[in-house]
Amino acid sequence: MLDDLHVRDFYIPITDYPHVSVSASICDAIQMMHNSLTEGHKYRTILVTDDDQHLQGYLSLRDLTRAIGPNYLSKKAPDVKGHQPFMGISDDFTALSLIWQEGFTLKIMEEARKPVSDVLTLIKNTVSLDDPFAKCAYLLLVEDVLILPVVEDDKVIGVVRLVDIFERIADTICTQKKLHEASGD
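Let me begin by describing the structure that accompanies this report. (Residues numbered from 1 in each chain as written. Predicted model: local features only at pLDDT ≥ 70, side-chain atom pairs only at ≥ 80, totals over all residues. Heavy atoms only, no water.)

### Looking at helix α1 (residues 26–38)
The periodicity of an α-helix, 3.6 residues per turn, causes residues three or four positions apart to be oriented the same way.
Here's step 1: The terminal C-alpha atoms of α1, which comprises 13 residues, lie 18 Å apart, in line with the 18 Å expected from a rise of 1.5 Å per residue.
Here's step 2: Elements that come into contact with the buried residues of α1 comprise β2 (19–21), β3 (45–49), β4 (55–60), α2 (61–67) and α4 (104–112).
Here's step 3: Following α1 by one or two positions, Gly40 adopts a phi angle in the positive range, close to 90°. (Helix = DSSP H or I, 4+ residues; strand = E, 2+ residues; numbered from the N terminus. Expected span 1.5 Å × (residues − 1). Contact = heavy atoms within 4.5 Å.)

Pasting the structure below:
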């Protein structure tokens, strides 16, 4: 039952999750994300830590794609999810894409040399190994984030992902539905 689950029962250890140093380049993070996706892990976020494994934030596919985009699409970073204002966006996105088209490859390569610290998303909430499943589900939904870092002694030791929470909820609902149908209720 979900009521009996704690973070220790379903988190992904940091050794199995992609993470980069806060001093890494956007290019390094893009390469790590690409490798993660092609290796079948399908992780859509990367943790950003300092050299002592202290959490600095995370990078999502969206963060990395925006990071190499034109400056008029840049968020003021670092910031917390849900507070990502954009500057200078016109209602005519098609015209803006034409401006971006010229020298596209050179421009994205230039942006990719910047440090991830310029574009990471700050993390407001973390969980511990003893926290219950319901707390994780609540925080992921209320804060509208994809991951919750698992922290012990101020160091990141793993990650709880929204997709894993969803899969456990879906399994429980489907199992309960089958039991209900089998009993004829």
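### Structural notes on a nonpolar patch on the surface
Here's step 1: A grouping of Tyr138, Leu141 and Val142 is seen on the molecular surface, where their side chains present a nonpolar patch of about 350 Å² in accessible area.
Here's step 2: Looking at the element boundaries, Val142 is found in helix α5 (residues 133–143).
Here's step 3: Classification of Val142 as partly exposed rests on a relative accessible area of 48%. (Patch = residues over 30% accessible without salt bridge, like charges linked within 9 Å, V, L, I, M, F, W, Y side chains within 5 Å. Areas by Shrake-Rupley, 256 points an atom, 1.4 Å probe, with all protein chains shown as cover. Salt bridge = Lys/Arg side-chain N within 4 Å of Asp/Glu carboxyl O. Buried < 20%, exposed > 50% of the residue type's maximum accessible area, 1.4 Å probe, protein only.)

### A look at the packing of α5 against helix α6 (residues 162–183)
Two quantities define a packed helix pair, namely the angle between the helix axes and the distance between the axes.
Here's step 1: Where α5 contacts α6, the two axes come as close as 10 Å, and the packing angle between them is 125°. One element, α5, and the other, α6, form an angle in the oblique class. Of the two possible hands of crossing, α5 and α6 adopt the one that is left-handed. Facing Phe133, Cys136, Ala137 and Leu140 of α5, the residues of α6 in contact are Leu162, Ile165, Arg168 and Ile169. (Axes fitted to C-alpha atoms, helices over the stretch in contact; angles between N-to-C directions. Parallel < 35°, antiparallel > 145°, perpendicular 65-115°, else oblique. Left-handed = near helix turned anticlockwise from the far one by under 90°.)

### Looking at the sheet that holds strand β7 (residues 147–152)
Here's step 1: Ordered in space as β1-β8-β7, the three strands form an open sheet in which the pairing is antiparallel. Unpaired on one side and paired on the other, β1 (12–13) and β7 mark the two borders of the sheet.
Here's step 2: With two bridges connecting them, β1 and strand β8 (residues 155–161) associate as antiparallel partners. Looking across to β8, one finds that Ile12 is bridged to Val159.
Here's step 3: Relative to β7, α5 is tilted by about 130°, and along the sheet it contacts β7 and β8.
Here's step 4: Sheet strands touched by α6: β1 and β8. Its angle to β8, the strand with the most contacts, is close to 45°. (Pairing = 2+ DSSP bridges.)

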